[in-house]
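Each chain, letter by letter, is given below.
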Amino acid sequence: MANLDQLKQQFVELYGGSDNEIRVYHAPGRVNLIGEHTDYNGGYVFPAALTFGTTLLLRPRPDRMLALASTNFELRGLLSLDAIVYDKKDDWMNYPKGIVNELHQRGVQLSSGFELLYHGEIPNGSGLSSSASIEVVTAYALLHAAGLPIDTVEIAKLAQRSENEFNGVQCGIMDQFAVANGRKDHAILLMCDTLEYDLIPFQPGAYKLVIGNTNKRRGLVDSKYNERRSECERAVADLRTAFPELTLLGQLSLEQFNANKHLIADETVRRRAQHVVEEIGRVLQSIEVLKAGDLAAFGSLMNGSHDSLRDLYEVTGKELDAMVEAARTIDGVLGSRMTGAGFGGCTVSLVHENAVEQFKSEVGRKYTEATGLIADFYVCSIGNGVEELA
Ligand code: GLA
């Protein structure tokens, strides 16, 4: 967690005045435990909020200007609330701008401007949802400071829309939802079609969630992500011969899918769809085994998820595969998989507390041998979704 006194001091150095009226908000990053590439198919996901994320310091100002600064980037901005447009040059500031734009589109009137200072603790481009964290903390803070009603499900929806429409990234709802609605020591079982959700206790006792950052630049992620989305749409189009009302793969049971998958003309598209339908099943099985306290079975489902993302969905790549393979050689590892969009980013493993040190050193060494890259590891706990900090 960031040092708040220090951040307040930085805020005052930047914007002047005293720290009396500064309000502080925090939104986490997220890790997805299982259920990958299912959200935009209307399926289940099972993410959890991390304890680190984005801290936002805010103070109202009397005019209608928005002052933006970050401890992570040099780039700062001063813009009118009434003239918000996307500009590539504005880089990270397009995330808060997208939120203001989306609030406007929804008819939310912000009656004054604000001074904002962001402090991010999520490694950039790691696939732990730093952009969703900025978006959600901004939406929450602006609404809260303006005394407007707050609904964290609505915040997730508006943050996703701003990412889709304003920033042009075709993500699903999972990241924004987890960041907005997470709860300490719980993972979220979310049905992405209806947004019904359940907070499921996740306290794995002697086991730790260890995130491994491949530090591989996620170069192809946007184009390949969109390609996977359209492959899923093609599968739906072909399956409509049997199910005329079908709009999303998540609406099919595994039995229905298996009995009709021959209708999908393209073999690659068929494999993509197979992953989606089976992965949704793995999420539901995970809930069952976790309720029964069977962590080893959950670990096997994590492994199954990664293998399917590697073989059927083909979004892992050599770095994620090397890290997962190394992780699975360590005694005390129940399961290991990629998390997030893939093509780089992070893995998540369930590791016995006595094996964590060995995990870091051996997986780190083997990963470097295989890829020439240096990994980072974070032993993580599950934290809360967006909130105001006292
Ligand atoms: C990214 C997207 C999410 C989700 C995952 C894959 O994190 O932002 O919406 O699609 O990839 O599960």
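Residues numbered from 1 in each chain as written. Predicted model: local features only at pLDDT ≥ 70, side-chain atom pairs only at ≥ 80, totals over all residues. Heavy atoms only, no water.

K.L.:
I would appreciate a short explanation of the sheet that holds strand β2 (residues 44–45) in the present structure.
P.N.:
What links the strands of a sheet is backbone hydrogen bonding, and the strands pair in either a parallel or an antiparallel sense. Taken together, the three strands give an open sheet; going across it, the order is β2-β7-β8, and neighbouring strands pair in antiparallel fashion. Each having just a single partner strand, β2 and β8 (197–201) make up the two edges of the open sheet. Where β2 lies against strand β7 (residues 186–191), two bridges are found, and the strand directions are antiparallel. If you follow Tyr44 over to β7, its bridge partner there is Met191. (Pairing = 2+ DSSP bridges. Helix = DSSP H or I, 4+ residues; strand = E, 2+ residues; numbered from the N terminus.)

K.L.:
Where do I start with the site of the ligand in this structure?
P.N.:
Around the ligand, the neighbouring residues are Arg30, Glu36, His37, Asp39, Tyr40, Cys171, Gly172, Met174, Asp175, Tyr225, Gly340 and Ala341. At 2.7 Å, a backbone N or O of His37 approaches an oxygen atom of the ligand. In the complex, the protein chains occlude 93% of the 310 Å² of accessible area that the ligand would expose alone. (Near = heavy atom within 4 Å. Polar contact = N/O pair within 3.5 Å; in protein donor to acceptor, adjacent residues only side chain to side chain. Areas by Shrake-Rupley, 256 points an atom, 1.4 Å probe, with all protein chains shown as cover.)

K.L.:
Help me out: how do you make sense of the packing of helix α3 (residues 130–145) against helix α4 (residues 152–166) in this one?
P.N.:
For any two helices packed against each other, the geometry comes down to the angle between their axes and how far apart the axes lie. Between α3 and α4, the least distance of the axes is 9 Å, while the angle of their chain directions is 125°. Classified by the interaxial angle, the pair formed by α3 and α4 is oblique. As α3 packs across α4, the resulting crossing turns out to be right-handed. When α3 is examined against α4, the residues Ser131, Ala132, Glu135, Val136, Ala139, Tyr140 and Leu143 are found in contact with a partner set consisting of Thr152, Ile155, Leu158, Ala159, Ser162 and Glu163. A breakdown of the residues in the contact of α3 with α4 according to their chemical character gives eight nonpolar, three polar and two charged. (Axes fitted to C-alpha atoms, helices over the stretch in contact; angles between N-to-C directions. Parallel < 35°, antiparallel > 145°, perpendicular 65-115°, else oblique. Left-handed = near helix turned anticlockwise from the far one by under 90°. Contact = heavy atoms within 4.5 Å. Nonpolar A, V, L, I, M, F, W, Y, C, P; charged D, E, K, R; others polar.)

K.L.:
How should I be thinking about the packing of aromatic side chains in this particular structure?
P.N.:
The geometry of an aromatic ring pair is captured by the separation of the ring centres together with the interplanar angle, meaning the angle of the planes. Within the structure shown, the criterion is met by 10 aromatic pairs. Taking the centre distance of 5.8 Å and the plane angle of 75° together, the rings of Tyr86 and Phe166 count as edge-to-face. Of this pair, Tyr86 sits in the loop between β5 (77–80) and α2 (94–105) while Phe166 sits in helix α4, and the two are 80 residues apart along the sequence. Take Phe166: its relative accessible area is 11%, and that puts it in the buried class. Aromatic rings pair up to connect Phe73, Trp92 and Tyr118 into one cluster. Positioned above the aromatic ring of Tyr313, the side-chain terminus of Arg228 is 6.0 Å from the ring centre. (Phe/Tyr/Trp six-rings, centres within 6.5 Å; stacked < 30°, edge-to-face > 60°. Buried < 20%, exposed > 50% of the residue type's maximum accessible area, 1.4 Å probe, protein only. Lys NZ or Arg CZ within 6 Å of the ring centre and 35° of its normal.)

K.L.:
I keep staring at the side chain of Glu279 and nothing clicks. Help me out?
P.N.:
Structurally, Glu279 is set in helix α8 (residues 267–291). Classification of Glu279 as buried rests on a relative accessible area of 0%. Dropping the residues within four chain positions of it, Glu279 is found in contact with Ile34, Gly35, Glu36, Thr38, Ser305 and Arg337.

K.L.:
Would you mind showing me how to read helix α1 (residues 4–15) here?
P.N.:
Since one α-helical turn is 3.6 residues long, residues separated by three or four positions face the same way. Between its first and last C-alpha, α1 extends 16 Å over 12 residues, near the 16 Å set by a 1.5 Å rise per residue. Residues of α1 that are buried make contact with β3 (47–61), β4 (65–70) and β6 (113–120). Put simply, Asn3 is the residue that caps the front of α1, since its side-chain oxygen is 3.1 Å from the backbone nitrogen of Asp5. A positive phi of about 80° marks Gly16, the residue just after α1. (Expected span 1.5 Å × (residues − 1).)

K.L.:
In this structure, what is going on with unusual backbone geometry? I would like to understand it.
P.N.:
Phi is positive for Ser129, close to 75°, though the residue is something other than glycine. Within the secondary structure, Ser129 sits in the loop between β6 and α3. The phi dihedral of Phe343 falls on the positive side, at around 60°, and the residue is not glycine. Within the secondary structure, Phe343 sits in the loop between β10 (333–339) and β11 (346–352).

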